[in-house]
Amino acid sequence: MLNHPLAPTPKYLLLCLLLLSCGQEKAACSPGDGREIWQQPKPDSIIKDQSFLHDTFPLGFLWGSGTSALQTEGAWDQEGKGPSIWDHFTHSNISAKLAPETANVASDSYTQWDKDVEALEYLGVRSYYFSLSWPRLFPDGNAKSRPNAAAVEHYSRLIERLLEKRIEPIVTLYHWDLPQVLQEHYGGWKNDSIVELFEEYAAFCFYTFGSRVRYWLTLHNPYLVAVQGYGTGAHAPGEKGGPASFLIVAHNLIRAHAKAWHTYNTHFRPAQKGKVSLVLGSHWVEPQRGQATVTNVELCQQSMEAALGWFANPIFGDGDYPVSLKLKYGALLPTFSPEEKLWVKTTADFFALSFGPNNLRLDRGLVQYGQAVTPDLRRILGWIKLAYGDPKVLVTEGSWFSEASVGKEDTVALYLMKRFINQVLQAIRFDGVQVFGYSAWSLVDGFEWNYGYTVRRGLFHINFSEPNRTRTPKTSAQYYRRVVSDNGFPSDETLKRITGRFPCDFHWGIADSTLQVQFYPFSPQFTDHGLYSWNVTGDGLLRQVSGVKTQTRRAQCTDYLAIRGHLRLFESTGASHYRFALNWSLILPQGDLSNVNIEALRYYHCVLYELKRLNLQAVVILYHPTHRSPHLGLPGPLQASGGWLNYSTVEAFQEYAALCYQQLGSWVPYWITVNDPNRLIDIYSSWTEKHQAAHNLLLAHAKAWRLYEREHSAHQGALVSLALHADWAEPANPSVDSHTAAAQRFLLFELGRFLDPLLGTRYKETHSNVDYPEEMKAYLEERAGVMGLSGSPLLTFTETEMKELRGTLSFIALTHFTTRLVAPYLHTQDNFQQKQHPDHGCLILSDPTWPSTLGQALVPWGLRKVLNWVNRRYGGALPIIVTASGVGDPAAVEDRLRQHFLKSYLQEALKARQLDGVNLQGFYVWELQDQHAPRFGLFTSTHHQSKAKASVAIYREIITHGGFPDDRTTQTCRSSELHARCSVCAWMFRHKAMLVFAGCIIITLVMLAALVIFVIITKRNQTRGRGRRVNRWRRRDGVAVCLCPPVKC
């Protein structure tokens, strides 16, 4: 039919000269350098919207879905269709690794094409990406022969129906199903004769269907056609020719595409005004271990060139293969003549990208180059923009797969779809990539090449054991339908920031685990009995005086410099409450009162004294379990006798609590008996042990609470609780009832297991009906019946125990770190009794769009949800305190992740209190100092001189403002209310300058008054003294005059 000459013409020679001139000015003519993307800072997931962007796609965005002929049509030998290479490949089972299925019937889309259109209508998409079957249109592969009228009618009918439904047909000419006759006669794509045959086939399709089709794709993922089909033999035709074969095949595929494009451009574009491209598939790589060295960046670039660049560079680049491929394959790599380079270059009207599991599972030796393969669609789109001059991009295949056993609840595939689509949105909004459409792959379950039907990629489920092949929307279809309807991810009103303050008595806290006891003070004067002489010989040295022993002074609290240094760090944060744990095994090494470590108690007393002196509040944990062997934080003898599986540990805990209350209680306003008992029980392997441990932990707490109420509450006045690990559980698939039920069950096993026996389902004065949650009991009974067990492993409380448990919480303490996606386990007889199988029967997942670090996802809204759940279930009368919450940040000092955590989680805490009415009275950040990796501390470890991290300033600022007020002013009520026990002291501290001045004036006035009085008294005394002397003289003179005899003359 239509041929395109390869002989040089004056026009091509002129273009050759332009190409050569570009070599002199590469910077001006080169489309770009993809290496830049690794040299730039990677998008930071903690920055707003960089992890997940709430926004919509541009108006007119082309949402779609797609299929391929061989995977879905079936009818492999009906109505004149000839065999394809994949029909031959599956029937002959050339590959030993191939799944034993065929595509004979597949999804039966040839017959049920109208059902596929209905599926598209259900999704609400505007395009349908499908392929024509070359062997169905031309069984002999020759487009010069008479076409199969049934096939022409079928595809015409499909296109017409799509247009009636206002769905844009995007048509692929070749999706791997080469007519078998061409493989047999020519050797398939190894023979350049196929190039001419393909051009003729393309011209027929343009001519026959082109007036109704605006978007054409010549080839689908030629990389896999070449490498898997002719190199490794994993795909049809199953040849294992290695590079010598697949390099030639790739060369012919590029030439075939270019011929088809030129044919359309010359003969059909003027009238049809369509666009033509080809679909290129690729993986994505990041530098190994995140180190973007020059070497690693170059290897990443070579990795991309080895797959995507292999085909993209000749078409979207300079018309030739990448230099790295020339160096790698040398003479094996075919060459383009200068004329061919110009002829191949720019033979695509847009960039069509396939990004899915087939590409991410590429042969490591061919493409990985020692770097890290990662499914980041945003990054590869950015690379395409940099490398190929910002082309318009259509994502024709974006998806993941599910195992066939998953059925209709394809939860993992749903979340990966969410991630891929949002990455496309980010590429558009943040990176300026011109993506104009996205096609979710695939529309229906089909034949998945060498995996047969063992994996599924469809949005619609098909049961291949049923002849009618009914299409049923999976949960991913429901999700995609909503995304299409919303044109993306509209803003979530619940995520908006609010303003407001926490109350003045709010606990601004910092939480630590077991406080390390340093028995010896800083100076040796308290332990060294020696007497020393100094500088006797002028050498400046100390010399011990032999034979002399002195008495040492017992250390005072002020001598423990480590305590002051530690609490000085705490005080600098502005926090008001410090939560830490005592070391049970240190205080009572034998587990009873036979050996009490007085020095340890004294050290804790000194810590509490110093907190009191600083007007700081202590929250003290009696037992902070550790998962470290062998004792789990218990005294050794108790663990040796069975630990929490033995009731004697309950009694020993009561004895230990009594000692702590007696020795330290006057300094402690808040006690926590046990920290995270719901995490402690996870270390027990069997269900029976887990429930026994939980049972005894509850009884131990209740006994300790009752003891305090009975003997110490009246004169010490502290509040007592236990703290539960309270991560939120979100249904992994909210549209599925079983997932919603699983999330609720997870929370009941995590929280209700401990809170229900203490509070009942609602907190009331009577505290009636306390027991394990009814839903939990019913579930365990049901599972026991399924497994043929004699009964539920859940223990029952006696009437006495229920009475002792009832109401033994003064406040609800929760530790919260993250949110989990929860799905139900698929229960079978084989997997139900596996060791790792949890008793709640839930599978824990994570949303890949959530920002995460070191395995912990940051989901601020999860805190608000768990607070509301607890508040609703237990009535809201008791205050709730979040006694630990934090994030591990690998940054040494500039811990931006923790700064984001503090602001976002405290925002959600404020929403829970201010908008939802949750009685939240405190939030404690975990932890004060780094102990070990991951780094949770607000300060670096003591090995790094305990330097404050950047998050300290953020936390202090929030505390100063009392939250997030509009005016950013200081919360003035805090000082007087927090330190009400010494209000006069607080007033004096605030007015100390005035008091000093007033004191000076008063002293001066007193001294002046004293001086005046002294002068007055002195003068008065002097006056009186002179008067007495005059009188005496007068009396003396009178006697002399009167009594003396007269003088005679």
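Residues numbered from 1 in each chain as written. Predicted model: local features only at pLDDT ≥ 70, side-chain atom pairs only at ≥ 80, totals over all residues. Heavy atoms only, no water.

Caption draft 1: Molecular detail of the overall build of the protein chain. When helices and strands are counted, the protein chain shows 37 helices and 31 strands. Counting all 1049 residues of the protein chain, 55% fall into the buried class. By sequence separation, contacts in the protein chain at least 24 residues apart represent 78% of the contacts at least 6 residues apart. When the accessible surface of the protein chain is totalled, it reaches about 45300 Å², and 55% of it is carbon and sulfur. (Helix = DSSP H or I, 4+ residues; strand = E, 2+ residues; numbered from the N terminus. Buried < 20%, exposed > 50% of the residue type's maximum accessible area, 1.4 Å probe, protein only. Contact = heavy atoms within 4.5 Å. Areas by Shrake-Rupley, 256 points an atom, 1.4 Å probe, with all protein chains shown as cover.)

Caption draft 2: Molecular detail of the pattern of salt bridges. Under the criterion given, the structure shown has 46 salt bridges. Of the charged contacts, one joins Lys474 and Asp445 as a salt bridge, the two residues approaching to 2.8 Å between their closest N and O atoms. With Lys474 in the loop between strand 14 (472–473) and helix 20 (475–486) and Asp445 in the loop between strand 11 (434–441) and strand 12 (455–456), this pair connects stretches of sequence that are 29 residues apart. Take Lys474: its relative accessible area is 1%, and that puts it in the buried class. With a relative accessible area of 0%, Asp445 lands in the buried category. A salt bridge links Lys496 to Glu493; the nearest nitrogen and oxygen atoms lie 3.2 Å apart. Salt bridges here are not isolated pairs; linked through shared partners, they connect Arg679, Asp682, Lys690 and Glu750. (Salt bridge = Lys/Arg side-chain N within 4 Å of Asp/Glu carboxyl O.)

Caption draft 3: Representation of the packing of aromatic side chains. Under the counting rule described, the total for this entry stands at 64 aromatic pairs. Both rings, one in Trp310 and one in Phe311, keep their centres 5.0 Å apart while their planes meet at 35°; by these two values the pair is tilted. Neither residue differs from the other here; Trp310 and Phe311 are each classed as buried. Chaining the aromatic ring pairs together yields one cluster made of Trp86, Phe89, Trp176, Phe447, Trp449, Tyr453 and Phe464. The residue whose ring lies beneath Arg136 is Tyr110, and the NZ or CZ to ring-centre distance is 4.0 Å. Over the ring of Phe52 we find Lys418, and its NZ or CZ is 4.9 Å from the ring centre. (Phe/Tyr/Trp six-rings, centres within 6.5 Å; stacked < 30°, edge-to-face > 60°. Lys NZ or Arg CZ within 6 Å of the ring centre and 35° of its normal.)

Caption draft 4: Representation of the sheet that holds strand 9 (residues 392–398) within the structure. Read around the closed barrel, the 8 strands follow the order 1-2-3-4-5-7-9-11; overall the barrel is parallel. Each strand axis lies, on average, 25° off the axis of its neighbour in the sheet, ignoring direction. Here strand 3 (residues 168–174) pairs with strand 4 (residues 215–220) via 4 bridges, running parallel. Each residue of the ladder has a partner; that of Tyr174, found in strand 4, is Leu219. (Pairing = 2+ DSSP bridges. Axes fitted to C-alpha atoms, helices over the stretch in contact; angles between N-to-C directions.)

Caption draft 5: View of the sheet that holds strand 25 (residues 819–824). The 3 strands lie next to each other as 23-25-26, forming an open sheet whose pairing is mixed. Each edge of the sheet is formed by a strand with only one pairing partner; in this case those strands are strand 23 (728–731) and strand 26 (842–845). Averaged over all pairs of adjacent strands, the angle between strand axes in this sheet comes to 45°, irrespective of strand direction. Pairing of strand 23 with strand 25 involves 4 bridges; the strand directions are parallel. Bridging across to strand 25, Trp728 finds its partner in Thr819. Taken strand by strand, helix 29 (residues 737–759) contacts strand 23, strand 25 and strand 26, and its axis lies near 125° from that of strand 25.

Caption draft 6: Focus on helix 27 (residues 687–711). Here helix 27 is 25 residues long and its end C-alpha atoms lie 36 Å apart, about the 36 Å a rise of 1.5 Å per residue gives. Burial analysis of helix 27 places 19 of its 25 residues in the buried class, the great majority of the element. (Expected span 1.5 Å × (residues − 1).)

Caption draft 7: The packing of helix 27 against helix 29, seen in detail. The contact between helix 27 and helix 29 brings their axes to 11 Å, and the two run at 40°. If you check the angle between helix 27 and helix 29, you find them oblique. Seen from above, helix 27 lies across helix 29 with right-handed handedness. Contacts from Lys690, His691, Ala694, Leu698 and His701 in helix 27 reach Arg753, Phe754, Pro757 and Leu758 in helix 29. Among the residues making up the contact of helix 27 with helix 29, the classes are represented as 5 nonpolar, 2 polar and 2 charged. (Parallel < 35°, antiparallel > 145°, perpendicular 65-115°, else oblique. Left-handed = near helix turned anticlockwise from the far one by under 90°. Nonpolar A, V, L, I, M, F, W, Y, C, P; charged D, E, K, R; others polar.)

Caption draft 8: Representation of helix 20. For helix 20, built from 12 residues, the straight-helix expectation of 16 Å at 1.5 Å per residue is met to within 8% by its first-to-last C-alpha distance of 17 Å. Every buried residue of helix 20 is accounted for by Thr475, Ser476, Ala477, Tyr479, Tyr480, Val483 and Val484. Lining the buried residues of helix 20 we find strand 1 (62–66), helix 6 (113–123), helix 19 (411–429), strand 11, strand 13 (460–461) and strand 14. Asn487 sits one or two positions beyond helix 20 and adopts a positive phi of about 55°.

Caption draft 9: Examining the nonpolar core more closely. Core analysis: the biggest nonpolar cluster contains 147 residues, and Leu132, Trp189, Trp216, Tyr438 and Tyr480 have the highest contact counts within it. A per-element tally of this core places helix 12 (residues 243–272) first, with 12 residues. Formed by 130 residues, the second largest nonpolar core is a distinct cluster that contains Val517, Phe653, Phe746 and Tyr779. (Core = buried A, V, L, I, M, F, W, Y, C linked by side-chain atoms within 4.5 Å.)

Caption draft 10: Quick peek at the pairing of strand 4. Counting buried positions over the 6 residues of strand 4 gives 6, a clear majority of the element. Note that strand 4 and strand 5 (residues 275–281) share 4 bridges and pair parallel. When the bridges of strand 5 are listed, His220 appears paired with Val279.

Caption draft 11: Local environment of the side chain of His712. With respect to the secondary-structure elements, His712 resides in the loop between helix 27 and helix 28 (713–716). When residues no more than four places from it in sequence are discounted, the contact partners of His712 are Ala658, Tyr661, Gln662, Leu707 and Gly717.

Caption draft 12: Just unusual backbone geometry, in detail. In this structure, Pro237 follows Ala236 across a cis peptide bond, with omega equal to 10°. With respect to the secondary-structure elements, Pro237 resides in the loop between helix 11 (222–232) and helix 12. For the bond running from Trp926 to Glu927, omega is 0°, close enough to zero to count as cis. Checked against the element boundaries, Glu927 lands in the loop between strand 30 (920–926) and helix 34 (950–961). At Lys273, a position not held by glycine, the phi torsion is positive, near 55°. Within the secondary structure, Lys273 is located in the loop between helix 12 and strand 5. What makes Lys273 exposed here is its relative accessible area of 63%. Residue Arg289 is not a glycine yet carries a positive backbone phi of 55°. Residue classification places Arg289 among the exposed residues on the basis of a relative accessible area of 67%.

Caption draft 13: Seen up close, the packing of helix 11 against helix 12. Two elements in contact, helix 11 and helix 12, have axes separated by 8 Å at closest approach and are oriented at 150°. Taken together, the axes of helix 11 and helix 12 lie roughly antiparallel to each other. Along this stretch, helix 11 crosses helix 12, giving a crossing that reads as right-handed. Contact with helix 11, carried on its side by Pro222, Val225, Ala226, Val227, Tyr230 and Gly231, involves Ser245, Phe246, Val249, Ala250 and Leu253 of helix 12 and no other residues of that element. Taken together, the residues that form the contact of helix 11 with helix 12 break down as 9 nonpolar, 2 polar and no charged.

Caption draft 14: Spatial organisation of the pairing of strand 19 (residues 577–581). When you tally the buried positions in strand 19, you get 5 out of 5 residues, the bulk of the element. The alternating pattern of strand 19 places His577, Arg579 and Ala581 on one face and Tyr578 and Phe580 on the opposite face, and all of these are buried. Pairing geometry for strand 16 (residues 507–514) and strand 19, over 4 bridges, is parallel. Bridged to Ala511 within strand 19 is Arg579. Relative to strand 20 (residues 617–623), strand 19 runs parallel, the two sharing 5 bridges. Bridge pairing links Phe580 to Val620 in strand 20.

Caption draft 15: Geometry of the side chain of Asp895. Relative to the helices and strands, Asp895 resides in the loop between strand 29 (880–885) and helix 33 (896–914). According to the relative accessible area criterion, Asp895 is buried, its value standing at 0%. Look past the residues within four positions of Asp895 in its chain and what remains in contact with it is Asp889, Lys949, Ala950 and Ser951.

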